[in-house]
Amino acid sequence: MYRASEKRYDTMRYNRCGKSGLLLPAVSLGFWHNFGDTGNYENMVEMCKTAFDNGITHFDLANNYGPQPGSAETNLGKIMKEYFWPYRDELIISTKAGYDMWPGPYGNFGSRKYLIASLDQSLMRMGLDYVDIFYHHRMDPETPLEETMNALSQIVHSGKALYAGLSNYDGQTLEKATKILEDLKVPFIINQNRYSIFDRSIEKNGLKETSKKLGKGIICFSPLAQGLLTNRYLDGIPEDSRIRTDGRFLKEGQLTEEKLGQIRALNEIAKRRNQTLAEMALAWDLKDDYITSVLIGASKPSQILNNIKAIENTVFSQEELNAIDEICRS
């Protein structure tokens, strides 16, 4: 029988999610990779135990995480039942809907039909009565924003989710959505968006500043740029790397000589900070106090332990920040 470490809350940092009452760990565990049908179940269990034993109380999923879609939620449900049920009230479980999930016109984007049906399916797969955070996963150019936000309102007010979140929104749409949700008295507290040293999209599309202005949290996915911001590629492409084994999201063509040069230059800054490149990349996201958490992916427990070290130093000098920006511009 699994018994969580009594010291699990001793070293993790917890940040307030915007102006809400919810605290999230500075580092959260994402189920995007390695928790689907192709993953090793015993390894999934050990990663969850390692995460929780070290204060990571937030497990992040989506309806389509796999492969196959839904399988990450199914595996979490099994892990919860076998190991974590006594700790349900210490965990933040989040899931999402917005991308392709099932055939036909009702299995993607942002209709009321899709969002409510999808969450019902997710809860069944996970064996849960509710999730802590339910996100709309992407903006929908066809469905009226009011319809999507009203669906989130019904979901929260029905008790199937405690908080609402938005993912992959821009600043302008976020502001409109926030007004609707405020009028509906929905506890919308968090945005989930891609953000890393290599991807500054939320700075350019207004999401970062708008979130700060509105008092909403931000949780960053792909903070390591699908592994580029690690020591994995300093000397080329290993045969067991994600590029070689799973080319869905990180392709060999992205690792140009210019990109390799940037990675190596960033690694030199990390060395001077007494951090690994991955630690520095995570710390860079967390340097702003209104970034609530970073989502890490992992293929083994040791990676989780290594990534948690990032919280030990999230302060950057202006000289370091300027140097990082200059490398990314080159």
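Overview of the structure.

The rules behind each value
Residues numbered from 1 in each chain as written. Predicted model: local features only at pLDDT ≥ 70, side-chain atom pairs only at ≥ 80, totals over all residues. Heavy atoms only, no water. Helix = DSSP H or I, 4+ residues; strand = E, 2+ residues; numbered from the N terminus. Rg over C-alpha atoms; globule rule 2.2 N^0.38 Å. Buried < 20%, exposed > 50% of the residue type's maximum accessible area, 1.4 Å probe, protein only. Contact = heavy atoms within 4.5 Å. Areas by Shrake-Rupley, 256 points an atom, 1.4 Å probe, with all protein chains shown as cover. Lys, Arg positive; Asp, Glu negative; His and termini not counted. Charge placed at Lys NZ, Arg CZ, Asp CG, Glu CD. Salt bridge = Lys/Arg side-chain N within 4 Å of Asp/Glu carboxyl O. Pairing = 2+ DSSP bridges. Axes fitted to C-alpha atoms, helices over the stretch in contact; angles between N-to-C directions. Right-handed = clockwise from strand over helix to strand, strands pointing away.

**Topic: the overall build of the chain**
Scanning the chain for helices and strands turns up 12 helices and 10 strands. For 330 residues, the compact-globule estimate of 2.2 N^0.38 gives 20 Å, and the C-alpha radius of gyration of the chain, at 19 Å, lies within 12% of that figure. Once the C-alpha set of the chain is aligned to its principal axes, its extents read approximately 50 × 50 × 40 Å. Residue burial in the chain is summarised as follows: out of 330 residues, 55% are buried. The long-range share in the chain, meaning contacts at least 24 apart out of those at least 6 apart in sequence, stands at 75%. Total accessible area on the chain stands at roughly 14600 Å², and carbon and sulfur atoms take up 48% of it. If you average the places of the 40 positive and of the 43 negative side-chain charges in the chain, the two averages end up 1 Å apart.

**Quick word on the pattern of salt bridges**
Close approach of charged atoms allows side chains with opposite charge to pair. Under the defined criterion, the tally for this structure stands at 16 salt bridges. A salt bridge links arginine 273 to glutamate 320, with the shortest nitrogen-to-oxygen separation between them at 3.0 Å. Of the two residues, arginine 273 sits in the loop between helix H9 (257-272) and helix H10 (277-286) while glutamate 320 sits in helix H12 (residues 318-329), which places them 47 residues apart along the sequence. Residues aspartate 288 and lysine 287 are paired through a salt bridge, measuring 3.7 Å at the closest nitrogen-oxygen approach. By relative accessible area, which is 19% here, aspartate 288 ends up buried. Through salt bridges that share partners, Glu203, Lys208, Lys287 and Asp288 make up one connected network.

**A few points about helix H7 (residues 207-214)**
Burial in H7 covers these residues: Leu207, Lys208, Thr210 and Ser211. Against the buried residues of H7 lie helix H5 (171-183), strand S8 (188-194), helix H6 (201-204) and strand S9 (217-221). Just beyond H7, the residue with positive phi is glycine 215, at close to 75 degrees.

**Digging into the sheet that holds strand S6 (residues 131-136)**
Ordered in space as S3-S4-S5-S6-S7-S8-S9-S10, the eight strands form a closed barrel in which the pairing is parallel. If you compare each strand with its neighbour and ignore which way they point, the axes differ by 30 degrees on average. Taken together, the four bridges between strand S5 (residues 92-97) and S6 define a ladder with parallel strand orientation. Within the sheet, the bridge partner assigned to lysine 96 lies in S6 and is tyrosine 135. Contacts between helix H3 (residues 112-126) and the sheet are confined to S5 and S6, with S5 contributing the most and set at about 140 degrees to the helix. The strands that helix H4 (residues 145-157) touches are S6 and strand S7 (161-167); relative to S7, the one it contacts most, it runs at about 155 degrees.

**So, the pairing of S7**
With five of seven residues buried, S7 lies mostly within the body of the structure. Note that S7 and S8 share four bridges and pair parallel. Note that in S8 the partner of alanine 164 across the bridge is phenylalanine 188. Regarding topology, H5 serves as the crossover connection from S7 to the parallel S8, and that connection is right-handed.

**Description of unusual backbone geometry**
The amide bond that connects glycine 66 to the next residue, proline 67, takes the cis arrangement and shows omega of 0 degrees. When you line up the elements, proline 67 lands in the loop between strand S4 (58-60) and helix H2 (71-84). For the peptide bond that leads from proline 67 to glutamine 68, omega is -15 degrees, which places it in the cis range. For glutamine 68, the position within the fold is in the loop between S4 and H2. Phi is positive for asparagine 168, close to 65 degrees, though the residue is something other than glycine. Here asparagine 168 lies in the loop between S7 and H5. For alanine 225, which is not glycine, the phi torsion reads 50 degrees and is therefore positive.

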